[in-house]
Each structure stands twice: as structure tokens, then as C-alpha cells.
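So you can see what is in the structure, the chains are spelled out below.
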Amino acid sequence: MRGGLILWRIALAVGVCTLLATGTAFADVAGRVVDDATEAPLVDAVISVRARPDIPPTRTLADGSFVLPLSESGIFELAAAVEYSSTASANYLTDTQQVFDGLTDVELRLSQLSTVEKASSPPPAAGQLCIACHSEYVQEWRTARHSGAADNFWVRDLYSGDGSAGGSAGYVFRDTHADDNSGLCATCHAPLEDVFTPGELDFDDVVTPAGRDGVTCLACHQISEVNGNVDALHHLGNATYRFPEADAQTSFHVFGNLPDVDRIPMQNVYQPQFGQSILCASCHEYKNPTTGAPGQATYSEWLTSPFAQPGPNFRSCQDCHMPSRGDTGSIGSGGPERPAAQRHSHAFVGATPETLTANIDLRVALQRDAQGVRVRAEVENRTGHAFPTGISIRNAVLVVEASIGGVPLTQISGPTVPFWGSDDVPGVQAGDLAGRPGKGFAKLLQGRINGQGAQVSPVLFIDAESAVDTLIPSAAVDLSQYLFAVPTGTPESAEVQVETRLLYRRAWRALAVTKGWTETPGGMAVEIPVQQVSQNQTLGSLGPAPTVTPPVAIPLGGKLLPLWLLLTVIVGLWLAHRRAPPISRGQPAQGAGSLKA
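Bear in mind the structure is a predicted one, so any value in this text is a computation, not a measurement.

Student: Explain the overall build of the protein chain to me, and be specific about the residues and the numbers.
Tutor: A tally of regular secondary structure across the protein chain gives 14 helices and 25 strands. Sorting the 597 residues of the protein chain into buried and exposed places 45% on the buried side. Long-range contacts, defined here as pairs at least 24 residues apart, represent 66% of the contacts in the protein chain between residues at least 6 apart.

Okay, structure coming up:
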């Protein structure tokens, strides 16, 4: 179907020479887009100039025709793409063609995507394939936790107890569940192997290079579509993978957000979902398939956030976690120079000390109270999802400590850190915070292990039956107040020291201590100090202590009767008098009888 390619290039060269010789001003490009096999016109195809997002794209009409307005002259690489749809009778690979401005008979012919849904075996690992042309992106991805998903020793410790030296201590999924229960871990942690036996692959049985690669390049770019069934877990009803076996280059069949990728060597299909948050919902939103208890709800949290609202402040998951790299260059060897807006980071930066401190704010104010000192603490979540978000073992703790002269003040009122703020070791160790003045922010899952025995908490999502959610929603401010007693006779010049800390913990305190985890699989600290506010103020600087006015009383019969009680009695007598039936003068009261003369 491309036999006229040589003639087309000759015509293009002649046209360019003519344009240069005449000095003709720029003109729009027009033409049509058709199915390469059937010649049928393709409606609503996206027409754009490759690597030029500054030139607004256009779309084809019902007859496949288009006109692309241009504001400059020269040679352009025109691209055509049809958005992927699982309900369409045919889907198409993107393609490009060189043109010069003023051409009016351009014909772009798009090849159909193979209808084969899955190949018979997983593709090669990213390090064996993608790195050849996309080395800088692969190197970036290798720093991300996505690349270590299948080798995550925390998950291995929880699943089979053999991820680290102390991994067999405490909870181990394999010890309490039947052999035919996979736990579904591999569904998201090793998707390119699990997808061939959906939901059945045990996490400690992942062996193929593609599976061991974790959430690899193709684990995302061979997802053809993510549907609205976000409660389902990844390819168990939420995402569809396509590995066409139309030719030997199955691994080159990819889906992506760019509508201007050449058909060779990549067999690219335009899928706008790669720029939308719903793509991330495939793994970052799911419920227990049996009980409906929440596993992750990050996508739903984003949907209810201000970031999801159309307008200048809109931010998708990709906008924050895959921002522009900030430099120009190609996205693959031999590709065109692209602007920074089309080159996105693949490091997938999430919760780090820097990002947490920048997006979670802590404000503290002290106030004098009749009984002592009141501490008002506000935690503001400026992220696009709840804080903390993600898997349920993540949590955060707010701790408030008040003292005078180094002597801790006694808490009179206010919340305290929940039980999960401490470990399970008898006694109090450094890091145990349960019962102290403060709060806990978490999604505490409750359930029965393997559906048996009494309910316990916390449990992992696979055993969850319900949840207690104390997370801080996006754009919300959590307010808590704490009252501390000041000993009688404390001078006004005494200095009050208040230390308020907000800590982010990547795992429950008891779980980390039991397993002996001292760092995350990514080499980060298990506990991250997010914010800390230290205040030292004299008692007198907080203002005069409010006085409590005692109730007013008057003497009555040698005893004091509270004024409010006396007023109540008086009002009651007056009401009783008002409700009594009237007695007419000169008339006997009803039922009193009369005397005869």
C-alpha cells in the first residue's frame, strides 16, 4: 500500500524547491485520513505536527478530511492518530508523514491494530528491551519504587516471611491462608507475569524477567484501557492488557499519550488515558473482592479534591508525580527534539522528607486557660489526596508535649495517640507514642485472619472486613486542642515549653519493630519527621488567667440558696398563678356552695 512512497518524496522535494524559489507565504495543510486496508475514511482522527504542541491540532470530519491551520512556512512532520476505544470496531496505530505548508492533497493511511488481545508469554524485561532506545527514561525508572515492586522485601516478609533476616516474625500470609489463596499481591507488584493467570500467581513464585521487573515500562504502556470499575484490582476487572501477536514485534506494541509517534519502530496507539488520573486507579484504587473493605482509595480521594475540578488549578496524578523533566530532547533514540512539556519524569517521586514538608503544614497556637495552658494544633493537607494515602500500613502521628522547667505538664483534656502508635513489646521503648497527647491519622483495617476467629486490627486488605478512617482529606485542615494543667503557684515568669511533632510512618510501629525493619525497600527511613514546632513562652505572655466566677447565692434560712434556683422557684410560682382559673368578685368559686338567707 506504500508503493508510491518514492514518488511522494520526489513530489515533496519539488514542492519545497518551488516554495523556496517563489518565496510564497505560508499556507494551511489539508488532506484526508483513511484506513490503510479498506480505504474507509477515519472520522475524528487527531491531526498534529510532530513534537510541536505549540501548533494547535485539528480533527478529521466525517469524510476523513481535515485542514490544519499553520502560522509559518516550511517542512513539517504531520501526524495522525485515532483515540483507542475498546468498543470500536477497529483501532489504529499512529503514523506520520512529511509535508510542506500549502499542500492540499495529503493522504495519511493508518494501519489497524491487531485484534489479538494477549500474547502467549510475557514480554522481555525493560532492561533487555526498552533501554536500547530509551536509556535515560529506564535509568530514571530504576530509581523509582515501581522498578522494585517485585523485589520489595517488605511485601515478601509479609507474604512468605523470607524477604529479610527477621521477616518470618509476626504476621506471615502464607502461615495463615490456604495454598489456593494467592493474596493478590502479584497482581500489581508483578503484573506482566500475573496477567497470564490473573489473580492466581503467588508473590514468591514470580520468576520471569518481565515479572521480576515489577511495574516495568510495558506494565504500564501495554495497558490498552482502564475502565470505571475502580473497585476491582488492576487486570482483575479494571485494566485490560493488549499484547498483539500480529508479528514478531509484540513488545513494540505500546499505548501512550502522544498522538504523533511514528509507526516504525514502535507500534504506537494513541490512548489519552495515559495523561489522566484514572490510569493510576488501576493499581492505586481497589477493595477487598469479598468484603468490599477498602484497600487503597487514592483515586477516589483525588476525585473529591480541588485538584480534580476543571480550571487553572487542575492537577492530575501525572502532573505531580510525573512532572516535566524541564529539558528538551528526544524521548527515544532517533526521535525528534521535543519540548520540555512532552518530556516527563519517570522517577515517580512520592512521599519523601522534601515532598511531605512542602505539602503538609503544621500550625500551633498557645492560649491561657483558667485551668492551665491550651494548645491548638492544625494540620493542613495540601496534597491532591488524603494524608497519608496508599496502602493501609502507612500512618501519621501528631505528638504534643508541654512542660515548665523541664517538668511535663499533665494533660487534662484532648485526644491521645491511638494504640497503634506503639509497638507490641512489653514496656515503653523509644518511639512508643500511644497514650500521649496527640492524634493518629490512618486507615485502620479490621477483620478476621483468613475469615476465622475474632476480629482484630490492624489487618492487611486481604483480610479486611471494615475500616476506621481518620485520614485528612485533600485541602482539609485537622484541628485538635489539648489542655495542660499548670501547678498552682507557678509564677507568671515561668517559661512554658511546647513541642509539637508530626511524624509520617511508612508502616505500623508494631509491624516495623516485629519484623526488624529499619529502612524501607527504597533505602529510606521508616519514620519521617514532617513538621516540628517548638514554642517557649512565659506564662504571663499568654495573657492573664481567666477567672471562674462562682455562682451568686443569697442567705435563706441560715443556708445559701443559689440565685438560679431562687429565680427558677419564683418563675414557677408566677406561671402557676397565671394558669389558675380566674375567680369573679362577688361570685363563689366553682364548687364552693352557697348559704341561703
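Student: Which residues make up the nonpolar core, and what values do they have?
Tutor: Judged by nonpolar contacts, the single largest core of 31 residues is most densely connected at Val375, Val379, Phe387, Leu398 and Leu502. Looking at this core, the elements that each hand over two or more residues are β14 (360-369), β15 (372-381), β16 (395-404), β21 (477-485), β22 (495-505) and β23 (527-538). Counting residues per element, this core draws most heavily on β16, at five residues. In this structure, Val375 is in contact with Val364, Ala365, Leu366, Val400, Ser480, Gln481, Tyr482, Phe484 and Val498, ignoring residues within four places of it in sequence. One finds Val195, Leu218, Phe243 and Val254 within the second-largest nonpolar core, a separate group that totals 27 residues.

Student: Provide a residue-level description of empty space enclosed by the protein, including the pertinent values.
Tutor: To locate leftover empty space, one rolls a probe as large as a water molecule over the atoms. All told, the structure shown has one cavity of 30 Å³ or more when counted by the stated rule. Reported here for the largest cavity is a volume of approximately 40 Å³. By residue class, the composition of the lining of the largest cavity is three nonpolar, three polar and two charged.

Student: Tell me about the sheet that holds strand β7 (residues 106-110), residues and numbers included.
Tutor: The three strands lie next to each other as β4-β1-β7, forming an open sheet whose pairing is mixed. The sheet terminates laterally at β4 (65-68) and β7, the two strands that pair on one side only. Neighbour-to-neighbour, the strand axes of the sheet open up by a mean angle of 30 degrees, direction not taken into account. Sheet topology note: the strand β1 (residues 29-35)/β7 ladder contains five bridges and is parallel. Bridged to Val34 within β7 is Arg109.

Student: Could you give me a rundown of the side chain of Ser182, with the residues and numbers involved?
Tutor: For Ser182, the location among the structural elements is in the loop between α4 (173-176) and α5 (185-189). Looking at Ser182, its side chain comes within polar contact range of the main-chain oxygen of Gly199, at 2.6 Å. Beyond its immediate chain neighbours, meaning those up to four positions away, Ser182 contacts Tyr159, Phe173, Gly199, Glu200, Leu201 and Asp202.

Student: An account of the environment of Gln537 is requested, with residue identities and associated values reported.
Tutor: If you trace the backbone, Gln537 turns up in strand β23. When near neighbours in sequence (up to four residues on either side) are disregarded, Gln537 contacts Leu366, Ala494, Glu495, Val496 and Leu542.

Student: Hey, could you go over unusual backbone geometry for me, with residue numbers and the actual values?
Tutor: A cis amide bond, omega 5 degrees, links Ile264 with the succeeding residue Pro265. The residue Pro265 is located in the loop between β10 (253-256) and β11 (267-270) in this model. Each neighbour pair has its own omega, and for Ser457 with Pro458 the value is 0 degrees, a cis peptide bond. Mapping Pro458 onto the fold places it in the loop between β19 (438-447) and β20 (464-469). Its identity as a non-glycine residue notwithstanding, Ala475 has a phi of 70 degrees, on the positive side. The topology assignment puts Ala475 in the loop between β20 and β21. Using a relative accessible area of 45% as the deciding quantity, one classes Ala475 as partly exposed.

Student: Quick one: what's the story with the state of the cysteines, residue by residue and with numbers?
Tutor: By definition, a disulfide is the covalent link that joins the sulfur atoms of two cysteine residues. Taken as a whole and judged by the stated rule, the model has one disulfide. Between Cys188 and Cys283 runs a disulfide, and the two sulfur atoms are separated by 2.5 Å. Classification of the bridge connecting Cys188 and Cys283 rests on its S-S torsion, roughly -110 degrees, and on that basis the disulfide is left-handed. You can see Cys188 sitting in helix α5 and its partner Cys283 sitting in helix α9 (residues 278-284), a full 95 residues away along the chain.

Student: Quick one: what's the story with the environment of Phe441, residue by residue and with numbers?
Tutor: The topology assignment puts Phe441 in strand β19. Put simply, Phe441 and Thr470 are 29 residues apart on the chain and 5.0 Å apart in space, counted from C-alpha to C-alpha. The residues contacting Phe441, other than those within four sequence positions of it, are Val379, Phe387, Pro388, Asn395, Ala396, Leu398, Trp420, Thr470, Leu471, Ile472, Asp478 and Leu502.

Student: Requested: an account of the side chain of Lys515, with residues and values cited.
Tutor: Mapped onto the secondary structure, Lys515 falls in helix α13 (residues 509-515). Buried charge Lys515 goes without a salt bridge, the closest partner of opposite sign being Asp157 at 5.9 Å. Each residue touching Lys515, except ones within four places of it in the same chain, is listed here: Asp157, Leu158, Ser164, Gly166, Gly167, Ser168, Ala169, Gly170, Tyr171 and Val172.

Student: Report on the environment of Gly166, specifying residues and quantitative values.
Tutor: Residue placement: Gly166 occurs in the loop between α3 (153-159) and α4. The exposure class assigned to Gly166 is partly exposed, which follows from its relative accessible area of 27%. Residues Gly166 and Thr514 lie 348 residues apart in sequence; the distance between their C-alpha atoms is 7.8 Å. Gly166 has contacts with Thr514 and Lys515, leaving out every residue within four places of it along the chain.

Student: Quick one: what's the story with the packing of aromatic side chains, residue by residue and with numbers?
Tutor: Tallying each qualifying case throughout the model produces 11 aromatic pairs. A ring pair is formed by Trp420 and Trp508, whose centres lie 5.2 Å apart and whose planes are at 65 degrees; its orientation type is edge-to-face. You can see Trp420 sitting in the loop between β18 (411-413) and β19 and its partner Trp508 sitting in the loop between β22 and α13, a full 88 residues away along the chain. There is no split in this pair, since Trp420 and Trp508 are both buried. Aromatic rings pair up to connect Tyr159, Phe173 and Phe203 into one cluster. The positively charged end of Arg325 is found above the aromatic ring belonging to Tyr137, 5.2 Å away from the centroid.

Student: Would you mind going over the sheet that holds β15 in detail, with residue names and values included?
Tutor: Read across the open sheet, the four strands follow the order β14-β15-β21-β18; overall the sheet is antiparallel. The open sheet is flanked by β14 and β18, the only strands paired with a single partner. Ignoring which end each strand starts from, the neighbouring axes of this sheet average 30 degrees apart. As judged from the 10 bridges shared by β14 and β15, these two strands associate in the antiparallel manner. Within β15, the residue paired with Val364 across the bridge is Ala377.

So, how was this worked out
- Residues numbered from 1 in each chain as written.
- Predicted model: local features only at pLDDT ≥ 70, side-chain atom pairs only at ≥ 80, totals over all residues.
- Heavy atoms only, no water.
- Helix = DSSP H or I, 4+ residues; strand = E, 2+ residues; numbered from the N terminus.
- Buried < 20%, exposed > 50% of the residue type's maximum accessible area, 1.4 Å probe, protein only.
- Contact = heavy atoms within 4.5 Å.
- Core = buried A, V, L, I, M, F, W, Y, C linked by side-chain atoms within 4.5 Å.
- 1 Å grid on protein atoms, 1.4 Å probe; cavity = no way out; pocket = protein on both sides within 12 Å on 5 of 7 lines; lining within 4 Å.
- Points joined across faces, edges and corners; volume = space filled by probe spheres on them.
- Nonpolar A, V, L, I, M, F, W, Y, C, P; charged D, E, K, R; others polar.
- Pairing = 2+ DSSP bridges.
- Axes fitted to C-alpha atoms, helices over the stretch in contact; angles between N-to-C directions.
- Polar contact = N/O pair within 3.5 Å; in protein donor to acceptor, adjacent residues only side chain to side chain.
- Disulfide = S-S within 2.5 Å.
- Lys, Arg positive; Asp, Glu negative; His and termini not counted.
- Salt bridge = Lys/Arg side-chain N within 4 Å of Asp/Glu carboxyl O.
- Phe/Tyr/Trp six-rings, centres within 6.5 Å; stacked < 30°, edge-to-face > 60°.
- Lys NZ or Arg CZ within 6 Å of the ring centre and 35° of its normal.

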